[in-house]
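Architecture and fold: a report
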Amino acid sequence: MTKSNGEDPRSGNRMERFQQGVRKRTLLAKKKVQSITKDDVKSYLARNAFVLFTVMAVIVGIILGFCLRPYKMNYREVKYFSFPGELLMRMLQMLVLPLIVSSLVTGTAALDSKASGKMGMRAIVYYMSTTIIAVIIGIIIVVIIHPGKGTKENMHREGKIMQVTAADAFLDLIRNMFPPNLVEACFKQFKTNYDKRIFRVAIPPNETSVVASIINNVSEAMETLTRMKEEVIPVPGSVNGVNALGLVVFSISFGLVIGNMKEQGQPLRHFFDSLNEAIMRLVALIMWYAPLGIMFLIAGKIVEMEDMGVIGGQLAMYTITVIIGLLIHAIIVLPLLYFLVVRKNPWVFIGGLLQALITALGTSSSSATLPITFKCLEENNGVDKRITRFVLPVGATINMDGTALYEALAAIFIAQVNNFDLNFGQIITIRDRLRTTTNVLGDSIGAGIVEHLSRNELKNRDAEMGNSVIEENEMKKPYQLISQENESVKPLDSETKM
């Protein structure tokens, strides 16, 4: 190439270097493929056995569910059929509460208040940014597709709508941050209820002048000077469910205090470390049962979900719109955000989360998936425990990208059908599972981003602590599965490896 042709020789050199790089990578990939042996294949299958089992469980569950749909199983039969999946949900939910408390306490105790503050600020900025992006995506998608266009003749009103003011909802959020009873916070949340009260209101004099002139009896006149008035007032109430927000606030505060206590706080720190270790070993046991439970969960939900024709054209379009929005956020926005901040391949990171994402798809609960998300991030992706223990419990409580997108889209959809109250509980089940998967993916990518941004604080803390955390992680394999027990040599100390 010459300048007389009007072309820049540097552009040609860049193209040649690019082509050489592609050829070089192709040759390396070819050599790697040719060098694969049977032992390599066996080793790969052994390392990824749970992921492969889980993927197979999802495929078999989908096929089984659609095969059983023609039999028109009743509600009782579906519940019996889904019982193995219900057991998995109960096992995972059993571990969520002690896992959140122990993880947050140990995570914040391992950092000083300054590092925790910076890490928390980064996490909050990430959560707010992704939530705002999710809402914007939902609004754009629903405006473009316009799923609420048409009539509402085939729609019906179902359920009782509870009117809640924004001020009371905000105050309830703050109240739940400071539960008066930690034991009660494990199974109850504060919620403002509304009650109707009747008040006696005095009638102004100008309204009673005619009455006073007619009635002579003073006592009767005083009774008629009052008027009954009905008013809705807020009253304290509660709803069943773990007050995760209150437990998160308490655990973070408690962990910071333990960290500042230095040597005096070591016994408590060791206790919560051991508790976290025991919970994760229970997770390793439950992982053996997870594929079977996920298969029956997915099959049962497919059996009980309604047909698109029964749901109606507008609700079918609404479901498709939600799915498109969730896929855009999960496949494009979150990986792009990870790449822009960390400058690494996001799909390698997401590949390590595959088992947690599939579990979220099957269970439709980001909290129930939390134990498996811990395991995937720490073992597969090598994220620092101090990050996962701090970011994941908080993210599972307050970071709901999929939910934000869904609710923003739902609000405009309702407006498009003339503010008609719809029964959203009967919309296709896949949408809810994609929403949960998006939430789990957002929490996990947030952990990777926060770890990258906090690497300097973590290195400084390691230097102060004499690299004790790094040495501990290298010496111990806390979540080693029972099947690998015979493959590893027992250490000299008394600790038993799983």
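Take the overall build of the protein chain next. Looking only at helices and strands, one finds 22 helices and 4 strands in the protein chain. Within the protein chain, contacts between residues at least 6 apart in sequence are counted, and of these 85% link residues at least 24 apart. If you sum the accessible surface of the protein chain, you get close to 28,400 Å²; carbon and sulfur atoms cover 62% of it.

The next point concerns the confidence of the model for the protein chain. When pLDDT is low, close inspection of the predicted coordinates is not appropriate. With 76% of its residues at a pLDDT of 70 or more, the protein chain has an overall mean of 77. Long-range and interchain partners of residues 420-430, a stretch whose pLDDT sits below 50, account for 33 contacts in this model, where long-range means more than four residues apart. Low pLDDT (under 50) marks residues 467-498, which in the prediction has 37 contacts with non-local residues, meaning those over four places away or in another chain.

Side chains carrying opposite charge are able to pair once their charged atoms draw close together. The full count for this structure, using the stated rule, is 8 salt bridges. Among the ionic pairs, D172 bridges to R175, the shortest N-O distance being 2.9 Å. Note that D172 and R175 are positioned in helix α7 (residues 166-177) at a spacing of 3 residues, about one turn of the helix. Ionic pairing is found between E277 and R281, a salt bridge with its closest N-O pair at 3.3 Å.

On to the nonpolar core. I387, L441 and I445 are the most contacted members of the largest nonpolar core, which has 60 residues in total. Here this core takes 10 residues from helix α12 (residues 266-304), the largest share from any one element. Not counting the four nearest positions on each side in its chain, I445 is found in contact with Y126, L334, P335, Y338, F349 and I350. By size, the runner-up hydrophobic cluster in this structure holds 15 residues, among which are I137, V142, L315 and L434.

Tallying each qualifying case throughout the model produces 6 aromatic pairs. Note on F254 and F272: the rings are 6.0 Å apart at their centroids and 80° apart in plane angle, and the pair reads as edge-to-face. With F254 in helix α11 (residues 244-260) and F272 in helix α12, this residue pair connects regions lying 18 residues apart in the sequence. Among the residues examined, F254 registers a relative accessible area of 26% and is labelled partly exposed. Using a relative accessible area of 9% as the deciding quantity, one classes F272 as buried.

On to helix α3 (residues 49-68), then. Every α-helical turn comprises 3.6 residues, leaving residues that sit three or four positions apart pointing alike. Here α3 spans 28 Å end to end across 20 residues, near enough to the 28 Å set by a 1.5 Å rise per residue. When we look at burial in α3, the residues that qualify are F50, V51, T54, A57, V58, G61, G65 and L68. Angularly, the buried residues of α3 cover 130° about the axis, an arc narrow enough to put them on a single face. Buried positions along α3 lie against α4 (75-81), α12 and α16 (354-363).

This part covers a nonpolar patch on the surface. A cluster of nonpolar side chains, contributed by V33, I36, V41, Y44, L45 and L52, occupies part of the molecular surface with about 530 Å² of accessible area. Among the elements that make up the nonpolar patch, the one with the highest residue count is helix α2 (residues 38-47) (3 residues). Of note, L45 is situated in helix α2.

Now for the packing of α16 against helix α17 (residues 366-380). Here α16 crosses α17 at 170°, and the two axes come no closer than 8 Å. By the criterion of interaxial angle, the relationship of α16 to α17 is roughly antiparallel. Contacts between α16 and α17 pair Q355, A356, T359, A360 and T363 from the former with T369, I372, T373 and C376 from the latter. Considered class by class, the residues forming the contact of α16 with α17 number 4 nonpolar, 5 polar and no charged.

Looking at the element boundaries, L392 is found in helix α18 (residues 385-398). Accessibility expressed as a relative area gives 1% for L392, which makes it buried. C-alpha separation for the pair L392 and L377, spaced 15 residues apart in sequence, amounts to 9.8 Å. Not counting residues within four places of it along the chain, the set of residues in contact with L392 comprises L370, T373, F374, L377, I387, D443 and S444.

The rules behind each value
- Residues numbered from 1 in each chain as written.
- Predicted model: local features only at pLDDT ≥ 70, side-chain atom pairs only at ≥ 80, totals over all residues.
- Heavy atoms only, no water.
- Helix = DSSP H or I, 4+ residues; strand = E, 2+ residues; numbered from the N terminus.
- Contact = heavy atoms within 4.5 Å.
- Areas by Shrake-Rupley, 256 points an atom, 1.4 Å probe, with all protein chains shown as cover.
- pLDDT = per-residue confidence, 0-100.
- Salt bridge = Lys/Arg side-chain N within 4 Å of Asp/Glu carboxyl O.
- Core = buried A, V, L, I, M, F, W, Y, C linked by side-chain atoms within 4.5 Å.
- Buried < 20%, exposed > 50% of the residue type's maximum accessible area, 1.4 Å probe, protein only.
- Phe/Tyr/Trp six-rings, centres within 6.5 Å; stacked < 30°, edge-to-face > 60°.
- Expected span 1.5 Å × (residues − 1).
- Arc of directions from axis to C-beta.
- Patch = residues over 30% accessible without salt bridge, like charges linked within 9 Å, V, L, I, M, F, W, Y side chains within 5 Å.
- Axes fitted to C-alpha atoms, helices over the stretch in contact; angles between N-to-C directions.
- Parallel < 35°, antiparallel > 145°, perpendicular 65-115°, else oblique.
- Nonpolar A, V, L, I, M, F, W, Y, C, P; charged D, E, K, R; others polar.

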